[in-house]
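# Summary of structural features
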Amino acid sequence: MIIALIIFTAFALDDSSGTDWEMVSKIREEGFQRSQVMDIAGYMTDVLGARLTLSQDMARAQIWAKGKMEKIGLANTVIEPFMDYGVAWDNEYFSLHLLEPDYQPIVGFPLTHTPSTKGKVKCSVVIADVKTKKDLDQFRGKLKGVAVLATPPAVIDLERMARATLRRTPEELKQLEEDVIPKPRRRRGPATPPNPDLLKAEEIIEFFKTEGVRVVFECRSGRPGLVRGFARPGTKEDKWSREKSLASLPIIAVTPEHYNRMYRILKRDIPVLVEIEVRNRLGKNVEKACNVLGEIPGTDLREEIVMIGAHFDTWHASPNASDDTSGCAVVLEAARILKAVGAQPRRTVRVALWGGEEQGIYGSREYVLRHFGNPKDPKVGIKPDYEKFSVYFNQDYGAGAFRGIFLQGNEFVRREFAAWMKPLRDLGFTAISIQSVGSTDHVSFDAVGLPGFQFIQDRIPGTAGHTNLDFFDTLQADDLMKNAVIMAAFAYHAAMSDERLPRKTIDTEIK
Ligand SMILES: [Zn+2]
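Keep in mind that this is a model prediction, so the values were computed, not measured.

So, how was this worked out
Residues numbered from 1 in each chain as written. Predicted model: local features only at pLDDT ≥ 70, side-chain atom pairs only at ≥ 80, totals over all residues. Heavy atoms only, no water. Helix = DSSP H or I, 4+ residues; strand = E, 2+ residues; numbered from the N terminus. Rg over C-alpha atoms; globule rule 2.2 N^0.38 Å. Buried < 20%, exposed > 50% of the residue type's maximum accessible area, 1.4 Å probe, protein only. Contact = heavy atoms within 4.5 Å. Areas by Shrake-Rupley, 256 points an atom, 1.4 Å probe, with all protein chains shown as cover. Lys, Arg positive; Asp, Glu negative; His and termini not counted. Charge placed at Lys NZ, Arg CZ, Asp CG, Glu CD. Core = buried A, V, L, I, M, F, W, Y, C linked by side-chain atoms within 4.5 Å. Pairing = 2+ DSSP bridges. Patch = residues over 30% accessible without salt bridge, like charges linked within 9 Å, V, L, I, M, F, W, Y side chains within 5 Å. Salt bridge = Lys/Arg side-chain N within 4 Å of Asp/Glu carboxyl O. Donors = N, O, S within 2.8 Å, 3.2 Å for Na, K, Ca; no water. Tetrahedral: all angles 85-135°; square planar, octahedral: opposite > 155°, others 65-115°. Phe/Tyr/Trp six-rings, centres within 6.5 Å; stacked < 30°, edge-to-face > 60°. Lys NZ or Arg CZ within 6 Å of the ring centre and 35° of its normal. Axes fitted to C-alpha atoms, helices over the stretch in contact; angles between N-to-C directions. Parallel < 35°, antiparallel > 145°, perpendicular 65-115°, else oblique. Left-handed = near helix turned anticlockwise from the far one by under 90°. Nonpolar A, V, L, I, M, F, W, Y, C, P; charged D, E, K, R; others polar.

## Regarding the overall build of the chain
- Helices and strands together make up the secondary structure of the chain, namely 17 helices and 18 strands.
- Taking 2.2 N^0.38 as the reference for a compact globule, 511 residues should give roughly 24 Å; the C-alpha atoms of the chain span a radius of gyration of 25 Å, in line with that estimate.
- Overall, the C-alpha framework of the chain stretches about 90 × 45 × 45 Å when taken along its three principal axes.
- Evaluated residue by residue, the chain yields a buried proportion of 56% over its 511 residues.
- For the chain, the share of sequence-separated contacts (at least 6 apart) that also reach a separation of at least 24 residues comes to 86%.
- About 22500 Å² of surface is accessible on the chain, with carbon and sulfur atoms providing 55% of the total.
- Positive and negative side-chain charges of the chain, numbering 69 and 69 respectively, have mean locations separated by a distance of 4 Å.

Here's what the structure looks like:
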């Protein structure tokens, strides 16, 4: 009798958290038997390609995304500007060849917001690994008309690569769960004062420019075959300025093997000659960067908002299948599943594909400030929708399967998440960690005191966000199907619960 009573109480608790097993069954059936997630991810990676914020590629892709949302059946779709961002930049053509002492095509690509070369250029290569003011003297007068190798040779860490595993181990998940005391805020800024002699990257480029350097090569990748390259140094400070971009130098990120080969030949005092051509297109005017949004309107609580999202922008050298095309595909598929099963959420489920994440989480931050406000900043204040907001769920830690969720320091959502997780545990989605995580769009919500969450994900070895080799081929269909089902189920339950999700009372976010 007592046992029966306890069991009854346990079931009653479940029910009070409102886990709708029947709806989860429908979501699973749709998501596992009629999935479109790989079709969406495939179109985005193969046809749309890279989507640098404020590039022509991005503009095209955002029009597609709005259309896709409408096809899925979302309402109130919009390409919504969030800030005066800068000028558009697109790479239109790139070629790089080693001519001497031996012919070889070289793999690389230009950093964003760098200028073109003056047509096809042949030049010799010189090592100019400049770090401090003292380094400058030895290069003065010696760099006219050359290409420079501006970073030390790359080191490929095979040990580290060998340690990468496809799945988080049971021990790792257990450890995440058992770290029950939130870690303190991450310290901001360097612990030791910076060396005053150290030159800023933009000062080094400026020096090269004054000395008559034609092209700068760099290598910041430690993995075979991969090129990592971002933006011209100083872009965030000068707001992606056209003038600064034109006044800079072509800067080319090169794959480690090819970079190191040039470096080693030069160390033997044997001349290296390359041929290079870069054509980059710079916009004329400062333009607004945009997010893309759409909704499944709610019913009786339609004024209240549940959001799911991922960043739609990528770095420019590949479609960035893992970062964050996979997240966008999961979010669109989750919305499609909810529409396909005829879900009628009480709250409005809003789908967001953010812009400007890679440069500093701009799209979601500006959106949150404009729509919800910030109680900590009197200049912004609280907007009416602040109190109507329930929760935001994000995918952006690669393309790996969801294995759990980070509570972001919010103990008050543990019970709901544990209950909603129950019909999904067989997907390997089991861990709840109190820890806070950062570096993606949920922090925009968390930073203003709104519930925003990122899932615990597996890491797929070989996927390489922010590089030239992040394509469809390393996406795992099963993982993305599971993620879309989980995303749909969590959004649905959040939209159906009696109360909006509780907010935490202390600030534990990590930026
Ligand atoms: Zn990302």
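## Digging into the nonpolar core
- Core analysis: the biggest nonpolar cluster contains 71 residues, and Ile27, Phe393, Phe417 and Phe490 have the highest contact counts within it.
- A per-element tally of this core places helix H17 (residues 477–496) first, with 13 residues.
- With residues up to four places along the chain from it excluded, the contact list for phenylalanine 417 reads Phe393, Ile405, Leu407, Ile432, Phe453, Phe490 and Leu501.
- Core analysis: the next-biggest nonpolar cluster, separate from the first, contains 23 residues, Leu149, Ala154, Tyr259 and Tyr263 among them.

## What about the side chain of glutamine 62?
- Here glutamine 62 lies in helix H4 (residues 56–72).
- Glutamine 62 gets classed as buried once you look at its relative accessible area, which sits at 7%.
- Every residue in contact with glutamine 62, bar those within four places of it in the chain, is listed here: Ile79, Cys290, Asn291, Val292 and Phe312.

## Concerning the sheet that holds strand E6 (residues 147–149)
- Taken in spatial order, the eight strands of this open sheet run E3-E2-E9-E5-E6-E7-E8-E4, and their pairing is mixed. Only two strands of the sheet have a single partner each, and these edge strands are strand E3 (104–105) and strand E4 (108–110).
- Both E6 and strand E7 (residues 215–218) contribute to a ladder of three bridges, which runs parallel. In the sheet register, alanine 147 faces E7, and the bridge partner there is valine 215.

## Concerning a positive patch on the surface
- Among the surface-exposed residues, Lys118, Lys144, Lys209 and Arg214 lie close enough to one another that they form a single positively charged patch.
- Exposure remark for lysine 118: the relative accessible area of 81% places this residue in the exposed category.

## As for the coordination of the zinc ion
- Surrounding the zinc ion are the protein donor atoms His311 (NE2), Asp323 (OD), Asp396 (OD) and Asp396 (OD), at 1.9 to 2.5 Å.
- What the four donor atoms of the zinc ion show is an angle range of 54 to 147° at the metal, which sorts the shape as irregular.
- We note that the donor set of the zinc ion lies within a single chain, spaced as H-x11-D-x72-D. With histidine 311 in strand E11 (residues 301–311) and aspartate 396 in the loop between strand E15 (389–394) and strand E16 (402–406), this pair connects stretches of sequence that are 85 residues apart. Taken as a pair, histidine 311 and aspartate 396 share a single burial class, namely buried.

## Some points on the packing of aromatic side chains
- Scanning the entire structure with this criterion turns up 27 aromatic pairs.
- Here the aromatic rings of phenylalanine 230 and tryptophan 315 are separated by 5.2 Å at their centres, their planes lie at 75°, and the arrangement is edge-to-face. With a gap of 85 residues between them, phenylalanine 230 in the loop between E7 and helix H9 (235–238) and tryptophan 315 in the loop between E11 and helix H12 (321–340) connect regions that are remote in the sequence.
- Ring centres of phenylalanine 429 and phenylalanine 490 lie 5.5 Å apart, and the angle between their planes is 75°; on these two criteria the pair is classed as edge-to-face. Of this pair, phenylalanine 429 sits in the loop between helix H15 (414–421) and strand E17 (431–433) while phenylalanine 490 sits in helix H17, and the two are 61 residues apart along the sequence. Here the two residues phenylalanine 429 and phenylalanine 490 agree in accessibility, since each one is buried.
- Directly above the aromatic system of phenylalanine 312 lies the positively charged group of arginine 51, at a separation of 4.8 Å from the ring centroid.

## Re the side chain of histidine 493
- Relative to the elements of secondary structure, histidine 493 occurs in helix H17.
- Residue classification places histidine 493 among the buried residues on the basis of a relative accessible area of 2%.
- In contact with histidine 493, not counting residues within four places along its chain, are Gly18, Thr19, Asp20, Val24 and Trp420.

## Quick look at the sheet that holds strand E10 (residues 287–296)
- Strands sit in the order E1-E10-E12-E11-E15-E18-E16-E17 across an open sheet of eight strands; the sheet is mixed. Where the open sheet ends on each side, the last strands, each with one partner, are strand E1 (75–86) and E17. Recorded for the sheet is a direction-independent mean angle of 25° between the axes of neighbouring strands.
- In this sheet, E15 lies alongside E11 in parallel orientation, the contact comprising five bridges. Bridged to valine 306 within E15 is valine 391.
- Against the sheet, H4 touches E1, E10 and strand E12 (347–354), its axis set at about 10° to E10.

## A short note on the packing of H15 against H17
- Axis separation between H15 and H17 bottoms out at 10 Å; the angle between their running directions is 130°. In this view, H15 runs oblique relative to H17, as classed from their interaxial angle. Where H15 crosses over H17, the two elements pack in a sense that is right-handed. Side by side, H15 and H17 meet where Phe417, Trp420 and Met421 of the first sit next to Phe490, His493 and Ala494 of the second.
- For the contact of H15 with H17, a count of residues per class yields five nonpolar, one polar and no charged.

## Quick look at H12
- With 18 of its 20 residues buried, H12 lies for the most part within the structure.
- Two residues or fewer after H12 comes glycine 342, characterised by a positive phi angle close to 70°.

## A closer look at a nonpolar patch on the surface
- On the surface, Ile156, Leu158 and Met161 cluster together to form a nonpolar patch covering roughly 250 Å² of accessible area.
- Within the secondary structure, leucine 158 is located in helix H6 (residues 158–163).

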